Amino acid sequence: MRIERIETFLVHPGSAKNWLFVRLETDSGIHGWGEAYTQHDRDRSVQIHVEELGRYLTGRSPFDIRHFTYVAYTDFAGKRGAMDLYAAISAIEQAMWDIVGKSLNQPVYNLLGGACRTRIKVYANGWGSWYDPGKGLEELAERAASVVARGFTSLKFDPFPGPWRSIIDRKDEQTAVDRVGAVREAVGPDVDILVEVHRRLSPAHAIRVARGMERYNPFWYEEPVSSRDLDGLVEARRDIRIPVVTGEELYTKTEFREVFQKRAADIINPDVCNCGGILELREIAAMAESCHVAVSPHNYNSTTVGLAATIQAAAGMPNFLITEYFVNFEPAGNEIAVEPFIVEDGYIALPTTPGLGIDLDEGALAERPFRSFPGRTLRRPRDEGP
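Residues numbered from 1 in each chain as written. Predicted model: local features only at pLDDT ≥ 70, side-chain atom pairs only at ≥ 80, totals over all residues. Heavy atoms only, no water.

Some remarks on the packing of helix α3 (residues 83–104) against helix α10 (residues 278–290)
Thought 1: For the pair α3 and α10, interaxial distance at closest approach is 8 Å and the crossing angle is 100 degrees. As judged from the angle between their axes, α3 and α10 are roughly perpendicular. Contacts between α3 and α10 involve E93, Q94 and W97 from the first element and I278, L279 and E280 from the second.
Thought 2: A per-class count over the contact of α3 with α10 returns three nonpolar, one polar and two charged. (Axes fitted to C-alpha atoms, helices over the stretch in contact; angles between N-to-C directions. Helix = DSSP H or I, 4+ residues; strand = E, 2+ residues; numbered from the N terminus. Parallel < 35°, antiparallel > 145°, perpendicular 65-115°, else oblique. Contact = heavy atoms within 4.5 Å. Nonpolar A, V, L, I, M, F, W, Y, C, P; charged D, E, K, R; others polar.)

Structure representation (structure tokens):
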């Protein structure tokens with residue numbers, strides 16, 4: 001069996017960012033799906049990476065997964081990595097696993113050592129991004145309560161006002177603390193609140209804000225300091241009494257190695273759609289396990305293929321904790337998936353069908369064409385005015 005063709009589908013779910021799917025076709029008629037992580041204004045560059053990598057796939061056995069990812073990094077990229085490259089590799093790698101699983105009539109997790117659990121716990125995201133100062137605490141609390149009413153026992157949101165800027169003032173800090181307090185009051189003591197910080201803060205700011213939030217018992221404090229300043233993150237974690245998460249902006253096990261060496265986090269959140277794929281995520285998780293670090297895969301992807309790949313990777317991780325589920329992506333995901341995943345009481349049952357356990361409706365994909373991001377044009381310094 002050989003790979004004959006690679007095809008990409010860049011689609012818009014109706015809100016937020018575009019999704020990028022990859023479909024590999026073999027000469028035996030078996031196809032496989034993968035999904036690449038996307039970001040505003042970089043989605044088409046990821047798509048081009050996927051298409052250019054196609055020449056490394058034609059005539060290749062889909063079983064040669066490790067060899068492909070090695071060649072893609074060493075030969076194609078010349079050992080120069082970036083998000084666009086790793087997202088493209090991740091999508092192709094997932095599609096290869098999907099083909100392999102289908103050809104052997106096994107779910108992918110059975111080919112990786114079997115499952116440690118029968119269902120995967122998820123937390124709700126995509127319900128409470130509060131960048132509009134006109135939206136108050138009462139509406140935030142109502143939305144949080146509505147998520148819990150759907151059966152979710154864990155939810156995540158970014159409580160900080162304004163865009164992702166690196167310096168915030170005391171007023172913004174207090175706003176973030178107040179928002180966490182409002183959510184806690186709305187959902188009660190038994191629901192896990194996961195606080196997202198998006199790498200905004202210096203160590204001193206991160207510590208101070210965490211102290212203000214501690215009384216609301218957050219489940220975790222995600223990326224308070226950028227992992228690109230790993231020493232700063234270590235400094236912050238030392239004085240923060242909430243479990244610290246990092247990993248969203250890191251790719252491959254090479255970049256995670258120093259996180260474990262420096263004891264920089266309690267939990268890591270690599271993304272299967274940009275860290276290098278299913279096997280790379282499993283290897284990162286194995287490194288984390290030996291350092292007593294939990295794994296909670298990031299999943300700012302669709303509720304279809306990206307989620308499926310996450311589930312397959314997480315099924316056999318002894319140190320798996322929880323993964324991400326974007327409720328605002330669910331309607332579009334349900335529309336394009338042939339058989340969508342079902343969240344029940346905050347869990348998704350492991351699929352037992354071969355491969356990744358998901359298939360997409362190409363007709364439904366065609367009805368959701370790519371949309372350009374209506375962002376602002378960057379201004380030159382002299383355009384700022386006097």
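Focus on the state of the cysteines
Think of a disulfide as a covalent bridge from one cysteine sulfur atom to another cysteine sulfur atom.
Thought 1: Applying the stated criterion across every chain yields a total of zero disulfides.
Thought 2: Summary of cysteine pairing: C116 is not part of a disulfide, and the nearest cysteine sulfur, belonging to C275, is at 18 Å.
Thought 3: There is no disulfide at C291, and the cysteine sulfur nearest it, in C275, is 17 Å away. (Disulfide = S-S within 2.5 Å.)

Regarding helix α9 (residues 252–261)
Thought 1: Residues of α9 that are buried include every one of T252, F256, V259 and F260, and no others. Viewed end-on, α9 has its buried residues packed into an arc of 90 degrees, placing them on one side of the element. More than 90 degrees from the buried face of α9, the exposed residues found are T254 and Q261.
Thought 2: Its buried side turned inward, α9 meets α3, α8 (230–238), β8 (244–246), β9 (267–268) and α10.
Thought 3: After α9 finishes, the residue R263 shows a positive phi value of roughly 55 degrees. (Buried < 20%, exposed > 50% of the residue type's maximum accessible area, 1.4 Å probe, protein only. Arc of directions from axis to C-beta.)

Focus: the confidence of the model for the protein chain
Thought 1: Residues at a pLDDT of 70 or more form 93% of the protein chain, whose mean pLDDT is 94.
Thought 2: Per-residue pLDDT stays below 50 along residues 382–386; that stretch engages in one contact with residues further than four places along the chain or on separate chains. (pLDDT = per-residue confidence, 0-100.)

Concerning the packing of aromatic side chains
Thought 1: Enumeration over the complete set of coordinates arrives at 15 aromatic pairs.
Thought 2: With a centroid separation of 5.4 Å and 50 degrees between ring planes, the pair formed by F9 and W33 is classed as tilted. On the criterion of sequence distance, the pair formed by F9 in strand β1 (residues 3–11) and W33 in strand β3 (residues 31–36) is long-range, its members being 24 residues apart.
Thought 3: The class for W33 is buried, based on a relative accessible area of 0%.
Thought 4: Among the aromatic residues, those joined into a cluster by ring pairs are W19, F21, Y37, Y300, F326 and F329.
Thought 5: The positively charged end of K17 is found above the aromatic ring belonging to Y37, 4.2 Å away from the centroid. (Phe/Tyr/Trp six-rings, centres within 6.5 Å; stacked < 30°, edge-to-face > 60°. Lys NZ or Arg CZ within 6 Å of the ring centre and 35° of its normal.)

Notes on the layout of surface pockets
Thought 1: In this structure, the second largest pocket spans a volume of roughly 360 Å³.
Thought 2: What lines the second largest pocket is a set of 16 residues, and nearest its centre among them are T69, Y73, T252, K253 and E280.
Thought 3: Counting only elements with at least two residues in the lining of the second largest pocket, the list comes to α2 (65–76), α3, α9 and α10.
Thought 4: Split into classes, the residues belonging to the lining of the second largest pocket amount to six nonpolar, five polar and five charged. (1 Å grid on protein atoms, 1.4 Å probe; cavity = no way out; pocket = protein on both sides within 12 Å on 5 of 7 lines; lining within 4 Å. Points joined across faces, edges and corners; volume = space filled by probe spheres on them.)

Focus: the environment of A313
Thought 1: One can find A313 in helix α11 (residues 305–314).
Thought 2: The sequence separation of A313 and P297 amounts to 16 residues, and the corresponding C-alpha distance is 9.3 Å.
Thought 3: Ignoring anything within four residues of it in the chain, the contact list for A313 reads I278, L281 and R282.

Examining the pairing of strand β5 (residues 154–157)
Thought 1: Burial along β5 is two-sided: the residues S154 and K156 and L155 and F157 are all buried.
Thought 2: Relative to strand β6 (residues 192–196), β5 runs parallel, the two sharing four bridges. Its bridge partner lying in β6, L155 is registered against I193. (Pairing = 2+ DSSP bridges.)

Observations regarding the pattern of salt bridges
Thought 1: For the structure shown, the criterion picks out 29 salt bridges.
Thought 2: For the salt bridge of R150 with E330, the shortest nitrogen-to-oxygen distance reads 2.7 Å. With R150 in the loop between α5 (137–149) and β5 and E330 in helix α12 (residues 330–336), this pair connects stretches of sequence that are 180 residues apart.
Thought 3: On the basis of relative accessibility, which here comes to 16%, the residue E330 falls in the buried class.
Thought 4: A salt bridge links D266 to R237; the shortest N-O distance between them is 2.6 Å. Taken together, the residues span a long stretch of sequence, with D266 in the loop between α9 and β9 and R237 in helix α8 at a distance of 29 residues.
Thought 5: A single network of salt bridges, built from pairs that share partners, joins R199, E223, R228, E248, E249 and E255. (Salt bridge = Lys/Arg side-chain N within 4 Å of Asp/Glu carboxyl O.)

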